[in-house]
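Examining the three-dimensional arrangement
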2 protein chains.
Amino acid sequence: MATLEKTLYVGAFIHCQDLTTLDICSHGIIGVDESGKIAFISRETKDKQIPAREGWENAKVVSITGLGFFFPGFIDTHIHASQYPNAGIFGKSTLLDWLNTYTFPLESSFSDLAKASKIYNRIVSRTLSHGTTTACYYATIHVPATNLLADICHAKGQRAFIGRVCMDSLAPDYYRDESAATSLADAKACIEHIRSIDPHFDQVSPIITPRFAPSCSTESLNSLGQLHKDTGVPIQTHISENLQEIQLVKDLFPNSTSYADVYDQAGLLTSQTILAHCVHLTPEERKLIKTRQAKISHCPASNTALTSGCAPIRSLLNEGLTIGLGTDVSGGYTPSILAECREALFTSRHLFMSSSSPSSSDGNGNGGTPSIKREDDVKLSVEEALYLATRGGAKVCNLEHRIGGFEVGMDWDAQMIGLDVVGDDYAAGEGEGVNGKMDFLETGIVDVFGHESWDDNVNKWVYGGDDRNTLAVWVKGRLVHSRGGRRGLQTS
Amino acid sequence: MATLEKTLYVGAFIHCQDLTTLDICSHGIIGVDESGKIAFISRETKDKQIPAREGWENAKVVSITGLGFFFPGFIDTHIHASQYPNAGIFGKSTLLDWLNTYTFPLESSFSDLAKASKIYNRIVSRTLSHGTTTACYYATIHVPATNLLADICHAKGQRAFIGRVCMDSLAPDYYRDESAATSLADAKACIEHIRSIDPHFDQVSPIITPRFAPSCSTESLNSLGQLHKDTGVPIQTHISENLQEIQLVKDLFPNSTSYADVYDQAGLLTSQTILAHCVHLTPEERKLIKTRQAKISHCPASNTALTSGCAPIRSLLNEGLTIGLGTDVSGGYTPSILAECREALFTSRHLFMSSSSPSSSDGNGNGGTPSIKREDDVKLSVEEALYLATRGGAKVCNLEHRIGGFEVGMDWDAQMIGLDVVGDDYAAGEGEGVNGKMDFLETGIVDVFGHESWDDNVNKWVYGGDDRNTLAVWVKGRLVHSRGGRRGLQTS
C-alpha cells in the first residue's frame, strides 16, 4: 500500500459524543498522519484560516466546499455480500421459505468464480459509495469465492470481516458442507488465506460464521467454538429472528435451555460474537448475552421485509447491551446504512405504536396507535440511529478504540457529506443546471433552503440523503471512494 | 403551449392491469398523437423493427435504450407544497404539536412571495423528477402564493390540484383566516385565478381545501360545502389521522356522530372528496365514506413518522373503498411516490406483525410477530403498491379515464424508467467509469445482474430505485422532465 501523505481535513465535522448527543463542530481541522491516524483536532477556525502548525506546513488539505461536513464512516455489522443480486426481491416470503426460494439457489452459484468476482466487486464498491468503511460480510460455503471477497476488500481498502458460511445440516443437498470436519477445515482455509494477505488482520479479518443453529450440527458448532478458542478469531451468526426458526431450534436442540444457550454451550457466545437480529430474545437470553458481553446487530429493514418482528432496541440499550446496525442484504433491500438508519427510526415508531396500545389492534386489520406516552422508551432519535451506525457498530466489532468517532489516535475512517443549498435566485427556467435540466444527478435529493440549523441538516441528510451526498470516503486515511461530477473531491 | 409532434414510444412498457396484476409488454410501441393522447398500442415488435403505420411515417421516435420501460406517471394524492423545506424535520413530535412547532411557522412565511416562488418552483421540479405527473397540493392561506403555485404547475406542465388552505378557527393568531367569510372569499379568489389560466381546469384545477375539521368553524365548513355544490370544484381535507385529533373533533362537534359525519353534514363528503389518512376510521365511517363514494389518500410515511398509526389499507380495499398514495410532505419526509410505495409495503408488514399476535406485544417493548397466517388480508404486494400509485390515485382524482394506465384514448402521462446492468466484464479497477471512479451518479443504485425476470426488475426498482432511474417524464404528451447525463433522453 502506498504511503499516505499527512493531510488536514478542514471544515465542519460531526460525530456522536454519546448515544443521544451529536458533537457538531461547524469549523474545524482534523490532522491525519502518514499512518492514517488522527494526530490532532482543532475546533477553532472560524476565520477559515488554517493556523500554522509545526510539522504540518506542507500537509495536503482536503476542504469542505459549500455546505457539508465530515462524519465517521458507517459500520455495517451484518451483510451477506453474496446475496446482493437479490436485493429487493423477496415477495411476501418469511425467513425459512425465503432461504429455500431465493437465497440458497443464489449462494450455491458462487462455485462460479467469475460470477463471484462480478458480484463481490460490485457490492464492495457499492457499500463504500454509501459510506460503509467497515462491513461484517457473510460470503458462501465456497473457499475460493470467500477468499476472493477478502482479496477484493483488501484491494479496495474496505475494513472487513470475512466469513465463510458453515452449514453442514438441514440445508439442501446442493448447498451444504459435507460434514462438520470439512466445515471446520474450510473455515480454517479461509482464515489462513486472510492471514497470508493481512498477517495481523489489520484491515481484513476472518470471522467464524456458523450460519445459524438450525443449519449446523452440534459437532460443527462445538468444533467452531473450539476454533474460536484456539485462534481468537471472532464469530458471527444469526439468532432469534423468526418464531418458526426459534421453534425449530427448540426441536433440534432439546438439551439447550434457549437459542442463546445453544451457542453458549458450544463456546460460541463470547465478547467477540456478533448476533444478528435478536428480535424475540427472552429475558434470560438477554441476561446471558449481556453476561457474555456478546454483541447485537440490529437489521430492521430485513426484519420488516420478512415480517420477522421488531427488535426492541431501546429496551436492549437500556439494559446495557451493545448494538450496531446491519443492512442484512438481501433480507434487507438496501446496502446503505443511511437507509438502515431510517428503517431503525421507523421500526422503533412502529414498535411504539403497536406496543403502547395492544387493545387498539382489533384483529380486523385496524392499526395500533399510541395511547401511553413513553416515547423515549421505544422511539429512537436520529442521534441514536447515527450512534448505532458508527460508535455502536464499532463496539460490536470490538474496534471502538480505533473507529466510530473522531478522537486523537483513532483511525481516519470517515466520509465527507455534501448538501446542496437552493439558491435565492432559484426559479423556473433559471438555475436549473445544464441545458435547462435540473441537475439532480449532481445535487442529490436533499434540498437545504438556508433557514436550517445543523441539527436540521443532519435530520434532512438522514431522512433524505443517499450516496450522492457521500462525496468521498476514507479508511485508515486512504481514499477509498469519491464520487464523480463537479462536487467530486478537490484537494490542494 | 407548443403543438406536440406525433410520437412513437418504443420499448417495454409496464402498467397495472388490475389491483394485483402487472401487464408487462417487453417489446411494444405506443403512438401518442398531437393532442397528447394514446392513439394506438402495439404489443408485437420483437424484431425491434418499427412496423409502418399509415399517418405515422414521420412521427418522432422515443426509444428505450438499454434495460428500461415506460410506466404510468405517479399520482400524489396528498402533498403540502409549502411544507417542503421541513421534509425530514419532525423529531419525535406527533400531529398536534408538530403543527404548532414546525408547520404553522413555516406556512405563515408564505406571505413572502419571493420565498414562496423559490420553494414552489423547487418542489414542483422535484416531484416531476420523481415521476409525479399529477399532484394534489395544499398551499397555504395566502392567495397570491397559492396562485403562484398554480402558475408554476401550469408553466412546468404538471397536472395539479391547487388548494388554498382554509382555516378560520383554533389556529395561532399569526396564521389563520380572519373569518369564515374571508376564508370563502379567498378560496373563490384562487378558483377564479386558476380559471383565468386554465379555463376548463384541464391541467391545473382548483380544489376546495378546509385544512381539517378542528381548524374550521361550522360556518366555514358549511360555506365551503355550498361552494362545492355551486361550482363542482373538488374537495380535499384530512380525517382520522391521530387519536388526540379525533378526540378534539368529538369535543368541538358534539352534534356530529363521527369525524366523517362532520364533513358529511357540511356537504363536504362527496365523490369528489379526497380524505387524507383514514388511519382510525370506525366501521360506520367506512360505510359512510363508501356510500358517498369519497376517496382515500394513504400516507404511510407520514403516519409512521408522527406515530399516527397504520391505516388498514388491505381491509379498506377489500371493502371496496378507493385509495391512492400521498407523500404528505412534510409529515412525510419524501416527495417521491416510489419511496412512498416502499413505505406502504413496509407499513402493511408492520400492521400484519402487530395485528396478528397482539398478545406477543408484552408492553416491555417486545415486538409483535405474526402467528396467524393471513398475510394476504394485510400485507400489500409490490403490484398493489404500484396500483395505488397510479390507477388508484387516478380514481381518487376522478381521472381514471384519462390517466393511471396505458389505454387508447388516455393521456400520455408517463415516465421512462432506466435500469443499469452490471456488465460481465465488471471487475475492480475496470468498468468503474470516468477517472476510475464508479459512476453511481449516472447509474443510480439499482444493480441488475442479468438473471432477473421483468417482475424481479420491477421489484428492484420499487425497493431500490430513485429519481436517477426516472430518465424522462411526460404529461399529456409534453416532456416535463428529463435527467441529465449520458442516460438522458435521446430522440430521433
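Okay, so let's go over this structure. Since the structure is predicted, the reported quantities are computational estimates derived from the model, not experimental observations. (Residues numbered from 1 in each chain as written. Chains lettered and ligands numbered in written order. Predicted model: local features only at pLDDT ≥ 70, side-chain atom pairs only at ≥ 80, totals over all residues. Heavy atoms only, no water.)

**Considerations on empty space enclosed by the protein**
According to the stated counting rule, one finds 13 cavities of 30 Å³ or more in the structure shown. For the largest cavity, the lining is made up of 45 residues, of which Arg342(A), Gly465(A), Ala339(B), Arg342(B) and Gly465(B) are closest to its centre. Those elements that provide at least two residues to the lining of the largest cavity are α11 (337-356) and α14 (454-464) of chain A together with α11 (337-356) and α14 (454-464) of chain B. Counting residues per element, the lining of the largest cavity draws most heavily on α11(A), which supplies six residues. Broken down by class, the residue content of the lining of the largest cavity amounts to 18 nonpolar, 16 polar and 11 charged. (1 Å grid on protein atoms, 1.4 Å probe; cavity = no way out; pocket = protein on both sides within 12 Å on 5 of 7 lines; lining within 4 Å. Points joined across faces, edges and corners; volume = space filled by probe spheres on them. Helix = DSSP H or I, 4+ residues; strand = E, 2+ residues; numbered from the N terminus. Nonpolar A, V, L, I, M, F, W, Y, C, P; charged D, E, K, R; others polar.)

**Observations concerning the nonpolar core**
Counting 165 residues, the largest nonpolar core has Tyr263(A), Leu386(A), Trp461(A), Tyr263(B), Leu386(B) and Trp461(B) as the members making the most contacts within it. Not counting chain neighbours up to four residues away, the residues in contact with Tyr263(B) comprise Phe212(B), Ala213(B), Leu221(B), Thr237(B), His238(B), Ile239(B), Leu268(B), Leu269(B) and Leu275(B). Grouped together as the second largest cluster of nonpolar side chains are 31 residues, Ile123(B), Ala145(B), Leu148(B) and Val473(B) included. (Core = buried A, V, L, I, M, F, W, Y, C linked by side-chain atoms within 4.5 Å. Buried < 20%, exposed > 50% of the residue type's maximum accessible area, 1.4 Å probe, protein only. Contact = heavy atoms within 4.5 Å.)

**Looking at the pairing of strand β1 (residues 7-18) of chain B**
All names here are of chain B. For β1, the buried fraction is high: 10 of the 12 residues fall into the buried class. As defined by bridge partners, β1 adjoins strand β4 (residues 60-63) across four bridges and the pair is classed as parallel. In the sheet register, Thr-7 faces β4, and the bridge partner there is Lys-60. (Pairing = 2+ DSSP bridges.)

**Observations concerning the interface of chain A and chain B**
Taken together, the contact between chain A and chain B spans 96 residues of the former and 96 residues of the latter. Counting each side, the surface lost to burial between chain A and chain B is near 8,000 Å², with a carbon and sulfur contribution of 56%. The largest share of the area that chain A buries against chain B comes from Lys92(A), Lys118(A) and Leu441(A), three residues that together contribute 10% of it. At the boundary of chain A with chain B, the tally comes to eight salt bridges. At the junction of chain A and chain B, the tally comes to 26 residue pairs in polar contact (both at pLDDT 80 or more). When contributions to the side of chain A that touches chain B are tallied by element, the ones reaching two or more residues are α2 (113-129), α6 (243-252), α9 (300-305), α11, α13 (440-443) and α14 of chain A. With 11 residues, the single largest contributor to the side of chain A that touches chain B is α11(A). For the side of chain A that touches chain B, a count of residues per class yields 31 nonpolar, 38 polar and 27 charged. (Buried area = accessible area lost by both parts, 1.4 Å probe. Salt bridge = Lys/Arg side-chain N within 4 Å of Asp/Glu carboxyl O. Polar contact = N/O pair within 3.5 Å; in protein donor to acceptor, adjacent residues only side chain to side chain.)

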